[in-house]
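Each chain is listed here by its residues.
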Amino acid sequence: MKMALRSDIGRIRLLNEDRGWCGELEPGLVVAIVADGMGGHKAGDVASRLAVDTFREALQGSTASMTVEERKTLISQAILQANEVVYDTASNNEQYHNMGTTVVAALMTEENGVIGHIGDSRAYQWRDGVLSQLTEDHTLVNELVKSGQITPEEAAKHPRRNVMTRALGTDEQVEVDVRGISWQKDDVLLLCSDGLSGMIGAADIIATLRQDELDLDQKADRLVQQALQAGGDDNVTVVLLHHAEDTELEG
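Position numbers for residues start from 1 in each chain and track the written sequence from start to end. Note on the predicted model: pLDDT of at least 70 is required for a residue's local features to be given, and 80 or more for side-chain atom pairs to be given and counted; whole-chain, interface and lining totals, by contrast, use all residues. To get the side-chain values, all heavy atoms of the structure are used, and hydrogens and water are removed first.

- Looking up the protein chain in an unreviewed UniProt entry gives the name Stp1/IreP family PP2C-type Ser/Thr phosphatase, with the organism given as Paenibacillus lycopersici.

Next comes the structure, spelled out in structure tokens:
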């Protein structure tokens with residue numbers, strides 16, 4: 001499995017409150033996570049860093065031999081543990097009050113994968129020329145779209161499109177969305193903050209992923225550059241995992 005991670009502060013923000021990480025926990029078991037922090041002065045940066053660090057620690061000792069159901073439980077517990085740490089830190093420190101973060105994470109073996117998420121950072125799967133969104137945004141505008149009150153086109157420009165209905169660390173109890181996915185040769189998994197998905201559309205993502213002459217790092221760079229060229233209004237973070245024909249780990 002090959003992997004690439006890129007994060008950029010964007011053109012407007014003074015601080016990068018995104019945090020991403022990917023790595024191999026043991027041979028045949030790869031983990032990736034993207035968190036997009038929110039809060040007051042530097043609090044979003046603290047929230048995303050705490051979430052990623054806690055999540056990583058919670059996965060230590062996991063193995064590639066675990067079943068899909070065991071990995072679903074593990075990824076959910078790891079995210080809930082991160083929620084507890086961020087919530088407690090916010091509750092006990094005045095300067096971090098109300099901080100929180102999105103999180104989207106993947107735990108992948110050679111055969112299949114598990115995705116867990118809270119918020120509006122997304123996971124996509126690229127297979128045979130088709131891009132599929134694997135996660136559902138936990139946002140006010142997405143609820144309005146689902147109920148038929150606004151169209152997807154209206155949602156993209158809605159003044160309250162950044163209002164979350166669910167985030168990590170803002171409440172003591174939170175629900176994690178978890179799903180299993182199939183994973184086969186030449187598939188690509190994309191995890192990203194809304195600094196990417198909020199700036200460019202699926203067609204733009206597809207245009208980059210289908211360029212076979214680019215390696216995985218170049219595709220990650222290209223996606224970030226597309227978001228910056230579209231305005232770069234937010235921090236942008238991208239993780240790409242490629243189920244390559246060879247199993248040599250790169251990135």
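From this point on, the discussion continues.
Examining helix α2 (residues 68-92)
Thought 1: The numbering of helices and of strands both runs from the N terminus, where a helix is a DSSP run of H or I of at least 4 residues and a strand a run of E of at least 2. The span expected for a helix works out to 1.5 Å for each residue beyond the first. Over its 25 residues, α2 extends 36 Å from the first C-alpha to the last, a length consistent with the 36 Å expected when each residue adds 1.5 Å.
Thought 2: For every residue, the accessible area obtained with a 1.4 Å probe (protein chains only) is divided by the maximum for its type, and the residue is called buried under 20%, exposed over 50%, and partly exposed between those limits. Buried residues of α2: Arg-71, Leu-74, Ile-75, Ser-76, Ala-78, Ile-79, Ala-82, Asn-83, Val-86, Thr-89 and Ala-90, and no others.

Re the environment of Lys-42
Thought 1: With respect to the helices, strands and loops of the structure, Lys-42 is situated in the loop between β3 (29-38) and α1 (43-58).
Thought 2: A C-alpha to C-alpha distance of 23 Å links Lys-42 and His-138, two positions 96 residues apart in sequence.
Thought 3: Note on definitions: a residue-residue contact is assigned when non-hydrogen atoms from the two residues lie within 4.5 Å. Look past the residues within four positions of Lys-42 in its chain and what remains in contact with it is Leu-15 and Glu-17.

Some thoughts on the side chain of Arg-71
Thought 1: Among the structural elements, Arg-71 can be located in helix α2.
Thought 2: None of His or the chain ends enter the tally, which takes Lys and Arg as positive and Asp and Glu as negative. By definition here, a salt bridge exists when the distance from a side-chain nitrogen of Lys or Arg to a carboxyl oxygen of Asp or Glu is within 4 Å. Buried charge without a partner: Arg-71 forms no salt bridge, and the closest opposite charge is Glu-111, 6.3 Å away.
Thought 3: We define a polar contact as two N or O atoms separated by no more than 3.5 Å, with the added condition that, inside protein, one atom must be a possible hydrogen donor and the other a possible acceptor, whereas residues neighbouring each other in sequence contribute only through side-chain atom pairs. A polar atom in the side chain of Arg-71 sits 2.4 Å from the side chain of Asn-112.
Thought 4: Setting aside its immediate chain neighbours within four residues, Arg-71 contacts Leu-29, Met-66, Leu-107, Thr-109, Asn-112, Gly-113 and Val-114.

Focus on a negative patch on the surface
Thought 1: On the surface, Asp-128, Asp-186, Asp-212, Glu-213 and Glu-245 cluster together into a patch of negative charge.
Thought 2: Mapped onto the secondary structure, Asp-128 falls in the loop between β7 (122-127) and β8 (130-133).
Thought 3: Relative accessible area serves as the criterion here: at 70%, Asp-128 is assigned to the exposed category. Patch criteria: residues need more than 30% relative accessible area and no salt bridge. Like-charged residues are merged within 9 Å; nonpolar side chains of Val, Leu, Ile, Met, Phe, Trp and Tyr are merged within 5 Å. Computed by Shrake-Rupley with a 1.4 Å probe, the accessible areas treat only the displayed protein chains as cover when residues are assessed. Throughout, a charge is located at the NZ atom of Lys, the CZ atom of Arg, the CG atom of Asp or the CD atom of Glu.

A closer look at the side chain of Thr-237
Thought 1: In this fold, Thr-237 is placed in strand β11 (residues 236-242).
Thought 2: You can call Thr-237 buried: its relative accessible area is 0%.
Thought 3: Side chain to side chain, Thr-237 and Ser-7 meet in a polar contact 2.7 Å long.
Thought 4: Reaching out from Thr-237, the side chain makes a polar contact with the side chain of Asp-18 at a distance of 2.9 Å.
Thought 5: Those residues within four positions of Thr-237 in sequence are excluded, and the remaining contacts are Leu-5, Arg-6, Ser-7, Asp-18, Gly-20, Val-34, Leu-191, Cys-192 and Ser-193.

Section: the sheet that holds strand β1 (residues 2-8)
Thought 1: Paired strands are those between which DSSP finds at least two bridges. Across the sheet, which stays open at both edges, the five strands sit in the order β1-β11-β10-β7-β8 with antiparallel pairing between neighbours. Both outer strands of the open sheet, β1 and β8, are each paired with one neighbouring strand and no more. Looking at each pair of strands side by side, their axes are set apart by 15° on average, direction ignored.
Thought 2: Pairing of β7 with strand β10 (residues 188-192), which is carried by five bridges, proceeds in the antiparallel orientation. When the bridges of β10 are listed, Trp-126 appears paired with Val-188.
Thought 3: In the packing of helix α6 (residues 202-209) onto the sheet, the strands contacted are β7, β8, β10 and β11, and the crossing angle to β8 comes to about 130°.
Thought 4: Interaxial angles span 0 to 180 degrees and are taken between N-to-C directions of axes, which are lines fitted to C-alpha atoms, for helices over the stretch in contact. The strands touched by helix α7 (residues 216-229) are β1, β10 and β11; relative to β1, the strand with the most contacts, the crossing angle is about 25°.

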